[in-house]
Amino acid sequence: MPALLFVPADSPRKIAKALGCGAATVILDLEDSVAPGAKERAREGAAEALRGRAPGGPRLVARVNGLDTGLIDADLDALVALAPDAIMLPKCEGGDDAQHLSVKLAVREAQCGAPDGAIGLLPIVTETAAAMFRLGSYRGATRRLRGLAWGAEDLAAAIGAQTNRSPDGAYTPPFALARNLTLFAASSAGVEAIDTVYADFRDPEGLRRECLAARRDGFCGKMAIHPDQVAIINEAFAPAPGEIARAQAIVAAFAQAPDSGALSLDGAMIDRPHLLWAQRVLARAKS
Ligand code: COA
Ligand code: MG
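In this text, all values refer to a predicted model and were calculated from it rather than measured experimentally.

Caption draft 1: Structural detail: the overall build of the protein chain. The number of helices and strands found in the protein chain is 11 helices and 10 strands. On the principal axes, the C-alpha backbone points of the protein chain span a range of 65 × 50 × 35 Å. Here the protein chain holds 287 residues, and the buried ones make up 47% of them. Expressed as a percentage of contacts within the protein chain between residues at least 6 apart in sequence, the contacts between residues at least 24 apart total 69%. Only carbon and sulfur atoms are counted for the fraction: they give 55% of the accessible area of the protein chain, which is about 13,800 Å².

Now the structure itself:
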């Protein structure tokens, strides 16, 4: 699911646009892109989108308000019966918070007769200082977990950083740490790592560079804030033809020598990690 497009759920016009722009996943936002006075309108907008979903349309995720906002129960009451594919939990501070949300979902699933565990969970796991110390706690926390996403804007506000990027556009060390630990946290929990948004939606080259670096390092997708970003993300995360050919060659080499642990291919050594990489590339190309 390379591109996950955010859309403020209080804007029916933007929701209509988001559903038709090629994003495999649309995140209906009830949190930070919605003003405090518009939360009820956002619940209605998200509910409307879920009710009107067409077969073959994008997956619909709802980003609810955080656990300590006093808003999340009304958010879930408005949406769970309409079966969003997943709930995105902002400011998530560890596996305990993921479990807490999972229980809230289970109660509502039972109330509306939906199968237990049908709704997935996509937490944003680096938005507070405390969250940074709990990144190892997602493994085994809940079987609803579909992926881990990271965020840099709220974290900057939390620690009082003047900025999270240096003049050349690279993340400064505290934010690079959050990004990198998210990769390890997701891998250790056995779910996909999702890269954070690129806010400068008029800079396609900068976005493309950041996507390629994310894919290089193991992220499976990236969140978007503008429809123009979707095609760039989808293209950057698709395996390149050369990569697929190399993966096929590696799989073929091991298939021909099932008793060998290490082989030579094009003058270089390949062993089990290379085979795992190749299998992952081919699985991604197929999906
Ligand atoms: N989803 C769907 N449609 C969107 C969109 C989005 N995320 N962002 C912009 N559009 C639409 C606009 O409504 C506009 O459509 P229109 O011509 O029919 O009115 C068109 O795309 C072009 O938009 P543009 O003029 O380039 O941008 P803008 O100034 O209208 O909007 C933002 C800029 C940042 C406010 C807008 O992109 C946005 O709301 N992004 C999502 C914010 C969000 O959800 N943040 C939370 C996660 S960090
Ligand atoms: Mg935020």
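Caption draft 2: Broad picture of the packing of helix 3 (residues 72–79) against helix 4 (residues 95–111). Look at helix 3 against helix 4: their axes get within 10 Å of each other, and the N-to-C directions meet at 40°. Between helix 3 and helix 4, the angle falls in the class oblique. For the pair helix 3 and helix 4, the sense of crossing is right-handed. Where helix 3 approaches helix 4, its residues Ile 72, Asp 73, Leu 76 and Asp 77 are matched on the opposing element by Leu 101, Lys 104, Leu 105 and Arg 108. Classifying every residue of the contact of helix 3 with helix 4 by side-chain character gives four nonpolar, no polar and four charged.

Caption draft 3: Quick look at the sheet that holds strand 7 (residues 192–195). The eight strands lie next to each other as 5-4-3-2-1-8-7-6, forming an open sheet whose pairing is parallel. Either end of the sheet is taken by a strand with one partner, and the two such strands are strand 5 (120–123) and strand 6 (147–149). Taken over all neighbouring pairs, the strand axes of this sheet differ in orientation by 25° on average, direction set aside. The pairing of strand 4 (residues 86–89) with strand 5 spans four bridges and is classified as parallel. The partner of Leu 89 across the bridge, within strand 5, is Pro 123. In this fold helix 1 (residues 12–19) packs onto strand 1 (3–8), strand 2 (25–29) and strand 3 (59–63), with an angle of close to 165° to the strand it touches most, strand 1.

Caption draft 4: The arrangement of the pairing of strand 1 in detail. Of all six residues making up strand 1, six are buried, and the element is well covered by its neighbours. Here strand 1 shows two buried faces, one formed by Ala 3, Leu 5 and Val 7 and the other by Leu 4, Phe 6 and Pro 8. As judged from the three bridges shared by strand 1 and strand 8 (residues 221–224), these two strands associate in the parallel manner. Residue pairing across strands places Ala 3 opposite Lys 222, the latter belonging to strand 8. Regarding the hand of the β-α-β motif, the stretch spanning strand 1, helix 1 and strand 2 is right-handed.

Caption draft 5: Inspection of the coordination of the magnesium ion (ligand 2) at higher detail. Around the magnesium ion (ligand 2), the protein contributes the donor atoms Asp 32 (OD) and Asp 154 (OD), at 2.1 Å from the metal centre. Within this pair, whereas Asp 32 is found in the loop between strand 2 and helix 2 (39–51), its partner Asp 154 is found in helix 6 (residues 153–159), the two being separated by 122 residues in sequence. For Asp 154, a relative accessible area of 21% corresponds to the partly exposed category.

Caption draft 6: Inspection of the packing of helix 8 (residues 204–217) against helix 9 (residues 230–237) at higher detail. Across the interface, helix 8 lies against helix 9 with an axial gap of 9 Å and an inter-helix angle of 35°. Seen from above, helix 8 lies across helix 9 with right-handed handedness. Residue-level inspection shows Pro 204, Leu 207, Arg 208, Cys 211, Leu 212, Ala 214 and Arg 215 of helix 8 in contact with helix 9, the latter providing Ile 232, Ile 233, Glu 235, Ala 236 and Phe 237. In terms of residue class, the contact of helix 8 with helix 9 is made up of nine nonpolar, no polar and three charged.

Caption draft 7: Structural detail: the domain arrangement of the protein chain. Assigned domains of the protein chain: these are domain 1 (3–237) and domain 2 (241–286). The straight-line distance from the C-alpha centre of domain 1 to that of domain 2 is 33 Å.

Caption draft 8: Structural context of helix 2. Between its terminal C-alpha atoms helix 2 stretches 18 Å, which fits the 18 Å expected from 13 residues at 1.5 Å a residue. Here helix 2 has its buried residues at Lys 39, Ala 42, Arg 43, Gly 45, Ala 46, Ala 47, Ala 49 and Leu 50. Looking at the buried positions of helix 2, the neighbouring elements they touch are helix 1, strand 2, strand 3 and helix 3.

Caption draft 9: Structural detail: the layout of surface pockets. Computed from the structure, the largest pocket encloses a volume of approximately 580 Å³. Lining the largest pocket are 24 residues, with Phe 6, Val 7, Pro 8, Ser 33 and Ile 225 positioned closest to its centre. Listing elements by their share of the lining of the largest pocket, those giving two or more residues are strand 1, helix 1 and helix 6. When grouped by side-chain class, the residues that make up the lining of the largest pocket number 11 nonpolar, four polar and nine charged. There is about 490 Å³ of room inside the second largest pocket. Along its surface, the second largest pocket is lined by 19 residues, and Arg 215, Asp 217, Gly 218, Arg 280 and Arg 284 are the ones closest to its centre.

The rules behind these values
- Residues numbered from 1 in each chain as written.
- Chains lettered and ligands numbered in written order.
- Predicted model: local features only at pLDDT ≥ 70, side-chain atom pairs only at ≥ 80, totals over all residues.
- Heavy atoms only, no water.
- Helix = DSSP H or I, 4+ residues; strand = E, 2+ residues; numbered from the N terminus.
- Buried < 20%, exposed > 50% of the residue type's maximum accessible area, 1.4 Å probe, protein only.
- Contact = heavy atoms within 4.5 Å.
- Areas by Shrake-Rupley, 256 points an atom, 1.4 Å probe, with all protein chains shown as cover.
- Axes fitted to C-alpha atoms, helices over the stretch in contact; angles between N-to-C directions.
- Parallel < 35°, antiparallel > 145°, perpendicular 65-115°, else oblique.
- Left-handed = near helix turned anticlockwise from the far one by under 90°.
- Nonpolar A, V, L, I, M, F, W, Y, C, P; charged D, E, K, R; others polar.
- Pairing = 2+ DSSP bridges.
- Right-handed = clockwise from strand over helix to strand, strands pointing away.
- Donors = N, O, S within 2.8 Å, 3.2 Å for Na, K, Ca; no water.
- Domains from an automatic or database assignment.
- Expected span 1.5 Å × (residues − 1).
- 1 Å grid on protein atoms, 1.4 Å probe; cavity = no way out; pocket = protein on both sides within 12 Å on 5 of 7 lines; lining within 4 Å.
- Points joined across faces, edges and corners; volume = space filled by probe spheres on them.

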